[in-house]
Amino acid sequence: MDHEIRKHSAKIGLSPGSFIYTGEKKVEEVKISVIDYNRQHLEKHVVNRIEDTFPYNDSDSVSWINIDGLHEVEILQKINEHYEIHPLVIEDILSTNQRPKIEFFDNYIYIVTRMMKYDEKQHVINSEQISLILGKNFVITFQEVEGDIFDPLRQRIANENGRIRRSGADYLAYAILDIIVDNYFLILDTLGDEIESLDEKVLENASDEGIVKQIHHLKRELLFLRKSTWPLREVISNLQREESKLIKKQTIRFVNDLYDHTIQVIDTVETYREMASGILDLYLTSISNRMNEVMKVLTIIATIFIPLSFIAGIYGMNFDTAISPFNMPELGFRYGYLIFWMLTVGIAGGLLIFFRKKRWL
Amino acid sequence: MDHEIRKHSAKIGLSPGSFIYTGEKKVEEVKISVIDYNRQHLEKHVVNRIEDTFPYNDSDSVSWINIDGLHEVEILQKINEHYEIHPLVIEDILSTNQRPKIEFFDNYIYIVTRMMKYDEKQHVINSEQISLILGKNFVITFQEVEGDIFDPLRQRIANENGRIRRSGADYLAYAILDIIVDNYFLILDTLGDEIESLDEKVLENASDEGIVKQIHHLKRELLFLRKSTWPLREVISNLQREESKLIKKQTIRFVNDLYDHTIQVIDTVETYREMASGILDLYLTSISNRMNEVMKVLTIIATIFIPLSFIAGIYGMNFDTAISPFNMPELGFRYGYLIFWMLTVGIAGGLLIFFRKKRWL
Amino acid sequence: MDHEIRKHSAKIGLSPGSFIYTGEKKVEEVKISVIDYNRQHLEKHVVNRIEDTFPYNDSDSVSWINIDGLHEVEILQKINEHYEIHPLVIEDILSTNQRPKIEFFDNYIYIVTRMMKYDEKQHVINSEQISLILGKNFVITFQEVEGDIFDPLRQRIANENGRIRRSGADYLAYAILDIIVDNYFLILDTLGDEIESLDEKVLENASDEGIVKQIHHLKRELLFLRKSTWPLREVISNLQREESKLIKKQTIRFVNDLYDHTIQVIDTVETYREMASGILDLYLTSISNRMNEVMKVLTIIATIFIPLSFIAGIYGMNFDTAISPFNMPELGFRYGYLIFWMLTVGIAGGLLIFFRKKRWL
Amino acid sequence: MDHEIRKHSAKIGLSPGSFIYTGEKKVEEVKISVIDYNRQHLEKHVVNRIEDTFPYNDSDSVSWINIDGLHEVEILQKINEHYEIHPLVIEDILSTNQRPKIEFFDNYIYIVTRMMKYDEKQHVINSEQISLILGKNFVITFQEVEGDIFDPLRQRIANENGRIRRSGADYLAYAILDIIVDNYFLILDTLGDEIESLDEKVLENASDEGIVKQIHHLKRELLFLRKSTWPLREVISNLQREESKLIKKQTIRFVNDLYDHTIQVIDTVETYREMASGILDLYLTSISNRMNEVMKVLTIIATIFIPLSFIAGIYGMNFDTAISPFNMPELGFRYGYLIFWMLTVGIAGGLLIFFRKKRWL
Amino acid sequence: MDHEIRKHSAKIGLSPGSFIYTGEKKVEEVKISVIDYNRQHLEKHVVNRIEDTFPYNDSDSVSWINIDGLHEVEILQKINEHYEIHPLVIEDILSTNQRPKIEFFDNYIYIVTRMMKYDEKQHVINSEQISLILGKNFVITFQEVEGDIFDPLRQRIANENGRIRRSGADYLAYAILDIIVDNYFLILDTLGDEIESLDEKVLENASDEGIVKQIHHLKRELLFLRKSTWPLREVISNLQREESKLIKKQTIRFVNDLYDHTIQVIDTVETYREMASGILDLYLTSISNRMNEVMKVLTIIATIFIPLSFIAGIYGMNFDTAISPFNMPELGFRYGYLIFWMLTVGIAGGLLIFFRKKRWL
C-alpha cells in the first residue's frame with residue numbers, strides 16, 4: 001500500500017526548476033532507444049548517449065526517443081539545452097509523483113500521465129510516471145523503469161501498411177496515450193474480478209474477517225486509480241480543444257475516441273467504488289443479521305432453562321421437613337416429582353409458544 | 001450479475017480502428033432486413049448480403065437497414081467502404097461495451113445506446129448495445145441479438161397515414177431512440193414493483209436475510225441502469241443543440257420531448273436509488289430494534305432468576321447444622337420455607353417494578 | 001405509498017403524439033367551466049361542450065377555461081384543432097405522470113406542474129398533474145380531478161378592484177402558478193408539524209418501532225416532494241428569462257417573486273430532509289444507548305451472581321465427608337456458614353467496586 | 001426549536017402584494033426613529049408618525065429611518081405611497097420568514113437578511129428578519145423587535161470624524177449589513193465553544209445520553225444558520241456585481257470585504273457541521289467500544305463459571321451410591337474433593353489462557 | 001485542537017478599516033528585516049524602525065521587507081501612509097484568522113495565506129497567517145511569529161547566479177508562495193505517515209480505544225488543512241488569470257506550476273480524508289466482528305451448559321423417594337449415573353453439531 005503515500009518533501013526549499021530526481025533509482029542503467037520512421041523507411045537503435053539521438057530530429061521522418069530510467073540527470077540537462085525545454089518541465093519529469101497534466105508551449109506539448117501495473121504477487125497496483133514531449137516531428141517519452149507496454153506499438157510501427165507509418169508525430173503521441181489508457185482497462189478487469197469474487201463470498205455468508213480487509217484494500221486501490229484518472233480526463237479534453245499547430249485535424253478524431261475511453265475508465269472506477277461500498281454494506285448487514293441470530297439462540301436457551309433450573313434448585317434445598325409441615329411439603333407429596341415435571345414441561349412449552357409468536361423460531 | 005463487469009481488455013495493443021468483434025457470438029446467423037418507404041410506397045425485405053441493401057439508399061425514399069448480430073466483420077467492412085464511415089465508428093459498433101455517445105460527421109451521425117431487457121427468470125437486467133447511423137435518407141441500426149422491440153415501430157411504418165410515412169430519416173432515428181427510451185420505463189416499472197414489495201416486506205418485519213440480498217441486487221441493477229442512462233441524456237441533449245443539416249427543424253420538437261423522457265428516466269432511477277437506500281436503512285433499524293427486544297427478554301429473565309437461583313443454591317448447601325448453631329440455622333426455622341418464598345417473590349416483584357420503571361416492560 | 005411508483009409503461013410502442021389518457025378515470029364527468037373578464041365585465045359559465053368556450057377567445061377580454069377530468073380525449077382533440085396546439089403537448093396533458101416542465105411555442109406557452117394535497121386520513125400526499133396553456137388572451141387549465149384550490153383565485157377575479165382584473169392572461173397564469181406553489185407551503189407546514197412531533201417523541205426516548213416507520217414514511221414524502229419541486233424551479237426560471245411576447249414586463253416582477261417562493265419551498269424540503277435524517281440518527285443512537293444500558297444491567301447481575309451460585313453449588317455437593325478428612329472439611333467447620341456469607345458479600349462488594357470504577361454504575 | 005418550522009400557510013389564497021403581517025406581534029408599540037446626518041450636522045429623533053420622517057428625505061443629507069415592529073400595516077402603506085415602493089416589496093417586509101434576497105429597482109434596492117441572536121437561557125438561536133431599503137440618500141430598516149445591535153453603528157455616526165459621516169447612504173447600508181454579518185461571528189463563537197466542550201466530553205468517555213441530544217441540537221442550529229447564510233452570499237455577491245447607480249465605486253471595495261466575511265461565515269458553518277458529524281461518529285464508536293467491553297466481561301465471567309457450576313451441580317446429585325458401584329463412585333473417593341478443586345482450577349485457568357490468547361484480557 | 005476555533009468576535013461593532021490586532025501577542029518584539037538586491041548587488045539589514053526601509057523602495061532594485069510580529073499597530077499605520085495601502089488591507093493583515101484571499105489594487109496586489117507547522121510534541125498543526133504585499137519593485141511580508149521557513153529562500157537570493165537575482169519582485173512573491181505551498185507537502189507527509197501507521201494498527205486488530213481518538217484527531221487536522229488549502233487554489237488561479245501589470249509574462253509559467261502544486265495538495269488532502277474515513281469504517285467493522293465472536297463464545301458455552309446444569313439440578317432435588325415409587329425413581333437405578341452422563345454427553349454433542357452446522361465453530 002506504499003504507492004499512495006509518496007514523500008513530497010524531498011525538494012522543499014530548492015529553487016523551482018532545479019534538476020533533481022526525487023524517485024528511487026528503479027533501474028541500474030538508463031536505456032535510450034530511438035525509432036525513426038516514415039512511410040518508406042524505419043530505423044531502430046539503442047544508443048548510449050542522448051546526443052546520438054539528436055540527428056534524427058533534424059530529418060523529416062518521425063522520431064520516437066524513449067528513455068527508461070531517470071536517475072541520470074545530465075541526460076535531461078542535455079535535452080533541456082538541445083530542444084529548449086522549459087526548466088520547470090524538466091523538473092516535472094524528474095518529480096515522479098506528478099498529477100497527470102498537459103502544458104502547451106510554443107513548439108512542444110508536455111504531457112504527464114501515470115501508468116498502472118497490477119502486481120499479481122503482492123496484489124497491489126504499482127504506478128509509474130510516464131512523461132511525453134511532443135515536438136514538430138519527434139516524441140520523447142520518459143519512463144521510470146523499463147517496461148514492455150509499448151511493445152505492441154513498436155510492432156505496429158514495424159508494419160509498413162499501418163496507419164501510424166502514414167501519420168505524423170501527433171498520431172504517435174496519441175497512440176502512446178491510447179496504450180496507457182488501454183492499460184487501465186486491464187487493471188479494471190482485474191479489480192472487476194476481485195469485486196465479483198468478494199460479492200459472491202459475502203453473499204454466501206462467509207464470515208472470515210479477511211473479507212473486510214480485502215474490501216478495504218480494494219477501496220484503496222480504487223481511490224488510487226481515481227486519483228490518477230480524473231486529471232487524465234482534463235488532460236485529454238485539453239488536447240482536444242486547445243488549437244495547437246502540433247496536432248493535425250485528422251488526429252483530433254482519434255483523440256476524441258481516446259477521450260471517450262478515458263470517460264469510460266472513470267465511469268467504471270466510480271461504478272466499482274459504489275459496488276465496493278455496496279459489498280461493505282452487505283457484509284455489515286450480514287454481521288448484524290448473524291449477531292441477531294446468535295443472540296436469539298442464546299436468549300431462547302437461557303430463557304427456557306434459567307427458570308427451570310431455579311425450580312430444580314428449590315427442591316434441592318435442605319429445609320428441615322421434619323421440624324414443620326410448612327417446610328417443603330411438596331417433597332413428601334406422592335406425585336411431587338411428576339408435578340415437577342409437568343410444571344417444567346409446561347413452562348418450557350409456554351415459552352416456546354411465546355417465542356414462536358415473536359417469530360424468533 | 002455478470003452484466004456490469006464486462007471484459008475490456010480483449011483489444012489492448014491493437015491499432016485503433018481495428019475491426020474486431022469483442023462481444024460473444026449471441027446469434028447463429030446475421031440477419032439483415034431493410035424497410036424502404038415514403039408517403040406512397042413501402043417495401044420490406046430480408047436480404048442475405050449487405051450489398052443488396054445498397055441500391056435502396058440511392059432512392060429518395062427513407063431506408064431502414066437493421067442488422068442483427070455483429071460477428072460477421074466483413075459486413076461492417078463493406079458498410080465502411082460503401083457509406084464512407086470512419087473506421088473508429090466501425091470499431092465502436094463492434095465493441096459492445098460502449099458508453100452511450102453521439103458523434104457528428106459531415107454526412108452522417110453516429111449514436112450508441114444501450115437497450116435493456118428484464119430477464120424474468122433470472123431476475124437480472126440484460127443489456128445490449130444498439131448502434132445507429134443516420135445518413136441523408138437512410139438509417140442503419142446494429143443489434144447484438146435479434147429482438148422484437150422494434151416491431152411496434154414497423155407496424156407504425158406499415159400504417160399509411162402515420163406521421164412517420166410523411167417524415168424523413170431523422171424522424172425514423174428519433175422514433176427508434178424513443179422506443180429504446182420507452183423500454184427503460186418498462187424496466188423501471190419492474191424495479192418499482194420490486195421496491196414496493198421489498199418495502200412492504202421490511203415494514204412487516206419479515207426478517208429473513210434474503211431481503212438484504214434482494215436490496216443489494218436491486219441497488220446493483222439501479223447502479224447499472226444509471227450508468228447507461230446518464231450518458232444518454234448527454235447524447236440527446238447534443239442531438240437537440242448541435243445544428244446538423246441531417247436533423248430537420250420540426251423533428252427537433254420531438255427530440256425535445258425525448259429529452260424530457262430521458263430526464264424522467266434518470267430522475268426515477270435516482271429516486272429509486274434513494275428509496276432502495278431508505279429500505280436498507282429501515283431494515284438495519286429493524287434489526288437493531290429486534291436485537292434490542294431480544295436482549296431485553298434475556299436480561300429480564302436472567303436478571304430475575306439468577307439471584308433467585310443463588311438463594312435456592314444457598315439452602316441446598318450441606319453445612320453441618322448439627323456441629324454448630326451458626327451453620328444454616330434457617331433450615332431449622334419453622335417458617336423457613338415460607339420466608340424463602342416471600343423473599344423470592346419480593347425480589348422478583350422488585351425487579352419487575354424496576355424494569356417497568358425503565359420502560360422495558 | 002402508491003403515488004411515487006406510477007406505471008409508465010402503458011404507452012410503449014405507440015406513436016408519439018398519440019392521444020391516450022394514461023391515468024385512472026378519477027371523476028365521473030368532465031366539467032368545463034369558463035370565466036371571461038376584463039376591467040369592466042365578468043362572466044362565469046359551466047358549459048357542456050368544449051366548442052361553447054371557443055367564442056370567448058375571440059374577444060379581447062381574458063378567458064380562463066378550466067377542464068376537470070381528462071378521460072374524454074375528444075375534448076383535447078378539439079382543443080388541438082381549434083388552438084393549433086402541438087400534438088406532443090396534448091399527449092403530455094394526457095400523460096399524468098409528467099415531470100414539471102415548460103415549453104415555449106410561437107403563440108402559446110405550455111406549463112406542466114404537479115399539485116399536492118395532503119390526505120389527512122391516510123397520511124399520504126396525493127399529487128395531481130395540472131397543465132396550463134397560456135395563449136394571447138386566454139388560459140386553459142387541465143386538472144385530473146375537480147378541486148377547490150382555485151376558489152380563492154375565482155373570488156379575487158370577482159373583486160372588481162383587484163389587480164387581476166386590470167391585468168392580462170399572463171398575470172392570470174402567474175396567479176394560478178402562485179396558488180399551486182402556495183399549496184406546497186401547506187404541505188410543508190403539515191410535514192413540519194410531523195417532524196417536530198417525531199423529534200419530540202425520539203428525544204423523550206419513546207422506543208416503539210412505529211417511529212422508524214413514521215420517519216421512513218416522512219422521508220419518502222419528502223423525496224416525492226423534492227422530485228416535484230426541483231424541476232418547478234427550472235420551469236419558473238425559464239419563464240423569467242425567456243423573452244416571450246406573451247409575458248408582459250410588469251408581470252416578470254411577479255414571476256420573480258414566484259421564483260423566490262419556489263426556492264424557499266425547495267430550501268425547506270432540503271432542510272426537512274436533513275432534519276429527518278438527523279432524527280433517524282438520533283433514534284439509532286438512542287437504540288444503541290439503550291441496548292448498552294440493558295447489557296450493563298444483565299452483565300452486572302450475571303457477573304455478581306454466577307460466581308456466587310458456583311460457591312453455593314460447591315457446598316451443595318455430596319462428597320462423603322465420612323470417608324476422608326480431605327472431603328469438604330468446610331462443611332464441618334463451626335463457622336463454615338458464616339465464612340461462606342463473608343466470602344459471598346466480599347465477592348459481591350468487590351465486583352460492585354469494579355463496576356463503579358468502570359463507571360457502569 | 002420552534003425557529004426552524006415557521007408557518008407559511010397564513011396567506012395562502014391572498015392576492016400577491018397584499019399587506020398582511022404574518023409574524024407574531026413581538027413588540028407593543030411600533031418605534032420609528034430617524035437619524036439625519038452629513039459631514040457637518042447630525043440630528044436624531046424618535047417620531048410618532050411615519051409622515052414625520054418624510055421631510056428628511058428631501059434634504060441632501062443621509063437619512064436613516066429605523067422601524068421596530070411591523071404590526072401596524074398602515075405605516076408600510078404610507079411608505080409604499082410616499083417612496084413608490086413596489087407592493088411585493090411591502091408584502092415581503094411583512095412576511096417575516098423570507099429567505100435573504102436582494103432586488104434591484106430603478107430608484108431603490110431592497111435587501112432582506114436575517115439577524116441571529118443566541119438566547120443564553122434557552123440555548124437556542126432566535127432569528128429576526130431585517131429588511132432594508134436603500135434609496136438615493138436614505139436607508140429604511142425594518143426590524144421585528146427593538147434591538148440594540150445597531151447601537152455601535154449609531155455611535156460611529158455620532159463620531160464627527162468617522163468615515164461614515166463623509167460617505168453616502170450606500171456606505172450606511174453597507175455598514176448595517178456589516179454589523180449583521182459580524183453578529184453571525186458571535187453566534188459562531190458560541191457554537192464553537194459548544195463544539196469544543198462536546199468534543200472534550202465525548203473524548204473523556206462521558207456516556208450520558210444528554211450528549212446525543214446536545215449534538216442533535218447543535219446540528220439543528222448549524223442547519224438553521226446555514227439556511228440563513230448561504231443565500232446571504234448570493235445577496236452580497238449581487239450587490240458587488242450589479243451595476244446600480246445607487247452604489248458608489250469606492251463602496252464596492254467595502255462590499256467585497258463584506259463578501260469575504262460572508263464566505264468566512266459559511267466556511268465556518270460548514271466546518272462546524274463536519275465537526276459535529278465527527279463528534280457524533282466518535283460518540284457512536286465509543287458506545288460500540290464500551291458495549292464490546294461490557295460483553296467481554298460478561299462472557300469471561302459466564303464462560304468460566306457456567307461449566308464450573310455444572311460440575312458442582314453434578315456432585316450435588318442424589319444418585320443412590322448404595323445401590324450400585326456405578327452410581328457416583330467419585331463421591332466416595334478419598335481425594336474426590338481435592339480432584340474436584342484441581343479440575344475446577346484447571347478449567348478456569350485454561351479458559352483464562354484462551355481469553356488471553358484472544359486478547360480479551 | 002484550539003487552532004480551528006478562533007474567536008471572531010473581538011472586533012464586532014468597530015468601524016471597518018480599524019487598525020486593531022486581533023491575535024495574541026506571540027513574539028516579544030517586532031523584527032523588521034530588509035533584503036535589497038538586483039543582479040549585481042545584495043544588501044541585508046535588520047532595522048529598528050519601519051521608516052528605515054522606505055528608502056529601499058525608491059531604488060530600482062527589488063526590496064523584500066519582512067515583518068515578524070504584528071502587535072505594533074503604528075508600523076502598519078506608517079506602511080499604510082507611505083505605500084498608500086487601503087485601510088481594509090491593513091485591517092486584514094491585523095486580523096489573523098483570515099481565509100486565504102487575493103486582492104488586486106492599482107499599484108499593488110495583496111495576498112493572504114496560511115502557513116502550517118506541525119508541532120511534533122503536541123501532535124497538532126499550528127497555523128499562522130502570512131500576508132504579502134507585492135508592489136512595483138518591492139514585496140512586504142507579515143508573519144505572526146519569527147520563523148525560519150524563508151531561510152532557504154534567503155540563501156537562494158544570496159546566490160549570485162540564481163534565477164531570482166535576475167528576476168523582479170513578482171518572481172520573489174512567487175518564490176515566497178512556492179515555499180509556503182511546499183510546506184503543505186511537509187505536513188501531508190507527516191499526516192500520510194500517521195495514516196499508514198493507523199491503517200496498520202487497525203488491520204492488526206489492535207483494539208485499544210486510543211485509535212478512535214487518533215482517527216478523530218486526524219480527521220480534524222485534515223478538515224483544517226482543507227479549509228486553508230481550498231481557498232488558496234482560488235488565490236493562485238486568480239493570480240494566473242488576472243492581467244496585472246505587476247506580474248510579468250515569464251513569471252506566469254511559474255505561477256502555473258505553483259497552481260499545479262496547490263491542486264496536488266488539495267487532491268492529497270481529499271484522498272487522505274477518504275482514507276481516514278476508510279480506516280474508521282474498517283475499525284468499526286472490526287469491532288462488530290469481534291463483538292460477534294465474543295457473543296458466539298458466550299452463546300456456545302451458555303447454550304451447552306445451561307441445559308446440562310438443569311439436568312444436574314434435577315437429580316439434586318430432595319423428593320422423598322421413600323414415600324412413592326413415582327418420586328425420582330432414576331436415583332435408584334443401577335446405571336442411573338451412567339445414563340445421566342450419556343444424556344449429558346449426547347446433548348453437548350448434539351449442540352456442537354448444531355453450532356458446526358451454523359458455522360459458528
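Residues numbered from 1 in each chain as written. Chains lettered and ligands numbered in written order. Predicted model: local features only at pLDDT ≥ 70, side-chain atom pairs only at ≥ 80, totals over all residues. Heavy atoms only, no water.

Trainee: I'm lost on the interface of chain B and chain C in this one. Help?
Mentor: Quoted interface sizes are often the accessible area lost when the parts come together. Each side of the interface is counted separately: chain B has 69 residues, and chain C has 72 residues. By the criterion of area lost to chain C, the three top residues of chain B are B:Arg253, B:Phe310 and B:Phe319, representing 11% of everything that side buries. A salt bridge links B:Asp260 to C:Lys101, with the shortest nitrogen-to-oxygen separation between them at 2.8 Å. At the boundary of chain B with chain C, the tally comes to 21 residue pairs in polar contact (both at pLDDT 80 or more). Ranked by residues supplied to the side of chain B that touches chain C, first place goes to helix α8 (residues 249–314) of chain B with 34 residues. When the residues that make up the side of chain B that touches chain C are grouped by side-chain class, the tally is 31 nonpolar, 19 polar and 19 charged. (Contact = heavy atoms within 4.5 Å. Buried area = accessible area lost by both parts, 1.4 Å probe. Salt bridge = Lys/Arg side-chain N within 4 Å of Asp/Glu carboxyl O. Polar contact = N/O pair within 3.5 Å; in protein donor to acceptor, adjacent residues only side chain to side chain. Helix = DSSP H or I, 4+ residues; strand = E, 2+ residues; numbered from the N terminus. Nonpolar A, V, L, I, M, F, W, Y, C, P; charged D, E, K, R; others polar.)

Trainee: What am I meant to see in the relation of the copies chain B and chain C here?
Mentor: Here the two chain copies are tied together by a rotation about an axis and a shift along that axis. Mapping chain B onto chain C is achieved by rotating through 72 degrees and translating by 0.0 Å along the same axis, at an RMSD of 0.1 Å. One copy is carried onto the other by what is essentially a five-fold rotation axis. The C-alpha atom lying nearest the rotation axis in chain B is that of B:Gly316; the distance is 4.5 Å. When the interface residues of chain B are mapped onto chain C, a mere 17% of them again fall at the interface, so the copies present different faces. (Least-squares fit on C-alpha atoms with pLDDT ≥ 70 in both.)

Trainee: Any chance you could explain the relation of the copies chain A and chain B here in plain terms?
Mentor: With an RMSD of 0.1 Å, the operation that places chain A on chain B is a rotation of 72 degrees combined with a shift of 0.1 Å along the axis. The residues that chain A uses at the interface reappear at the interface of chain B in only 16% of cases, marking distinct surfaces.

Trainee: For this particular structure, what's the right way to read the confidence of the model for chain A?
Mentor: Close inspection of predicted coordinates is inappropriate for parts of the model with low pLDDT. Mean pLDDT over chain A works out to 88, with 96% of the residues at or above the 70 mark. On the interface metric, ipTM, the complex scores 0.85, and its pTM is 0.88. (pLDDT = per-residue confidence, 0-100.)

Trainee: What should I look at first to understand the interface of chain A and chain B in this one?
Mentor: With 69 residues of chain A at the contact, the number on the chain B side is 71 residues. At the junction of chain A and chain B, the tally comes to eight salt bridges. Notably, a salt bridge pairs B:Glu293 with A:Lys358, separated by 2.5 Å at the nearest N-O pair. Across the chain A-chain B interface, the total number found is 21 residue pairs in polar contact (both at pLDDT 80 or more). Along the lines of polarity and charge, the residues of the side of chain A that touches chain B split into 31 nonpolar, 19 polar and 19 charged.

Trainee: Whenever I open this one, the packing of aromatic side chains confuses me. Can you help?
Mentor: The way to describe two aromatic rings as a pair is by their centre distance and the angle between their planes. Throughout the structure, instances matching the rule amount to 90 aromatic pairs over all chains. Pairing C:Phe319 with D:Phe340 gives two aromatic rings, centres 6.4 Å apart and planes at 50 degrees, and the pair type is tilted. Within this pair, whereas C:Phe319 is found in the loop between α8 (249–314) and α9 (336–357), its partner D:Phe340 is found in helix α9 (residues 336–357), the two belonging to separate chains. In terms of burial, C:Phe319 and D:Phe340 fall into one category: buried. Here the aromatic residues A:Phe305, A:Tyr315, A:Tyr337, A:Phe340, A:Trp341, E:Phe310 and E:Phe319 are joined through ring pairs into a cluster of three or more. Seen from the ring of A:Phe105, E:Arg253 lies directly overhead, with NZ or CZ sitting 3.6 Å from the centre. (Phe/Tyr/Trp six-rings, centres within 6.5 Å; stacked < 30°, edge-to-face > 60°. Buried < 20%, exposed > 50% of the residue type's maximum accessible area, 1.4 Å probe, protein only. Lys NZ or Arg CZ within 6 Å of the ring centre and 35° of its normal.)

Trainee: Teacher, can you tell me more about the environment of B:Ile180 here?
Mentor: Residues and elements named next belong to chain B. When you line up the elements, Ile-180 lands in helix α6 (residues 169–203). The class of Ile-180 is buried, set by a relative accessible area of 2%. Residues Ile-180 and Met-116, spaced 64 residues apart in sequence, show a C-alpha to C-alpha distance of 8.1 Å. With sequence-adjacent residues up to four places away left out, Ile-180 is seen in contact with Thr-113, Arg-114, Met-115, Ile-130, Ile-149 and Phe-150.

Trainee: Explain the packing of helix α6 (residues 169–203) of chain D against helix α7 (residues 210–241) of chain E here, please?
Mentor: For any two helices packed against each other, one specifies the inter-axial angle together with the distance between the axes. Running from N to C, α6(D) and α7(E) point in directions that differ by 160 degrees, and their axes come no closer than 12 Å. Between α6(D) and α7(E), the angle falls in the class roughly antiparallel. For the element pair α6(D) and α7(E), the recorded crossing hand is left-handed. Listed contacts from α7(E) to D:Ile195, D:Asp199 and D:Leu203 of α6(D) are E:Lys213, E:His216 and E:Arg220. (Axes fitted to C-alpha atoms, helices over the stretch in contact; angles between N-to-C directions. Parallel < 35°, antiparallel > 145°, perpendicular 65-115°, else oblique. Left-handed = near helix turned anticlockwise from the far one by under 90°.)

Trainee: Please clarify how the sheet that holds strand β3 (residues 62–68) of chain C should be interpreted in this entry.
Mentor: Within a beta sheet, neighbouring strands are joined by backbone hydrogen bonds and run either parallel or antiparallel to one another. Residue and element names in this part refer to chain C. Here seven strands make up an open sheet; going across it, the order is β2-β1-β3-β7-β6-β5-β4 and the pairing mixed. The open sheet has two edge strands, β2 (42–47) and β4 (101–104), and neither has a second partner. Neighbour to neighbour, the strand axes of the sheet diverge by 20 degrees on average, direction disregarded. Relative to strand β6 (residues 124–134), strand β5 (residues 109–119) runs antiparallel, the two being bridged by eleven bridges. Residue pairing in the sheet places Met-116 in a bridge with Ser-127 of β6. (Pairing = 2+ DSSP bridges.)

Trainee: When you look at the sheet that holds strand β7 (residues 138–143) of chain B in this model, what are you seeing that I'm missing?
Mentor: Residue and element names in this part refer to chain B. Strand order in the open sheet formed by seven strands is β2-β1-β3-β7-β6-β5-β4, and the pairing between neighbours is mixed. This sheet does not close on itself; its edge strands, each paired only once, are β2 (42–47) and β4 (101–104). Across the sheet, the mean angle separating the axes of adjacent strands is 20 degrees when strand polarity is ignored. Pairing analysis gives four bridges linking strand β6 (residues 124–134) to β7, with the strands arranged antiparallel. Among the inter-strand pairings, Leu-134 is bridged to a residue of β7, identified as Val-139. Across the face of the sheet, helix α4 (residues 151–158) comes into contact with β1 (31–37), β2 and β3 (62–68) while running at roughly 155 degrees to β3.

Trainee: What am I meant to see in the pattern of salt bridges here?
Mentor: Should their charged atoms come close, side chains of opposite charge can pair. Following the criterion strictly, the structure yields 85 salt bridges over all chains and no others. Residue B:Glu103 is joined to B:Lys101 by a salt bridge in which the shortest nitrogen-to-oxygen separation is 3.2 Å. Taken together, the shared-partner salt bridges connect A:Asp92, A:Lys101, A:Glu103, E:Arg253, E:Asp257 and E:Asp260 into one network.

Trainee: Just to check I follow, could you spell out a nonpolar patch on the surface for this structure?
Mentor: Side chains of A:Phe326, B:Phe333, B:Tyr335, B:Leu338 and B:Ile339 sit close together on the surface and give an oily, nonpolar patch of about 450 Å² of accessible area. Within the secondary structure layout, B:Phe333 lies in the loop between α8 and α9 (336–357). (Patch = residues over 30% accessible without salt bridge, like charges linked within 9 Å, V, L, I, M, F, W, Y side chains within 5 Å. Areas by Shrake-Rupley, 256 points an atom, 1.4 Å probe, with all protein chains shown as cover.)

Trainee: Help me out: how do you make sense of helix α3 (residues 87–94) of chain B in this one?
Mentor: Since the α-helix turns once every 3.6 residues, residues separated by three or four places project in the same direction. With respect to burial, α3(B) is a largely interior element, seven of its eight residues being buried. Along its buried surface, α3(B) packs onto α8 (249–314) of chain A together with α2 (73–83), β4, β5 (109–119), β6 and β7 of chain B.

Trainee: Looking at this structure, I do not really get the arrangement of the chains. What am I missing?
Mentor: Chain C makes no contact with chain A, the minimum C-alpha separation between the two being 9 Å. Spatially, chain A and chain D are disjoint, and the shortest separation between their C-alpha atoms is 9 Å.

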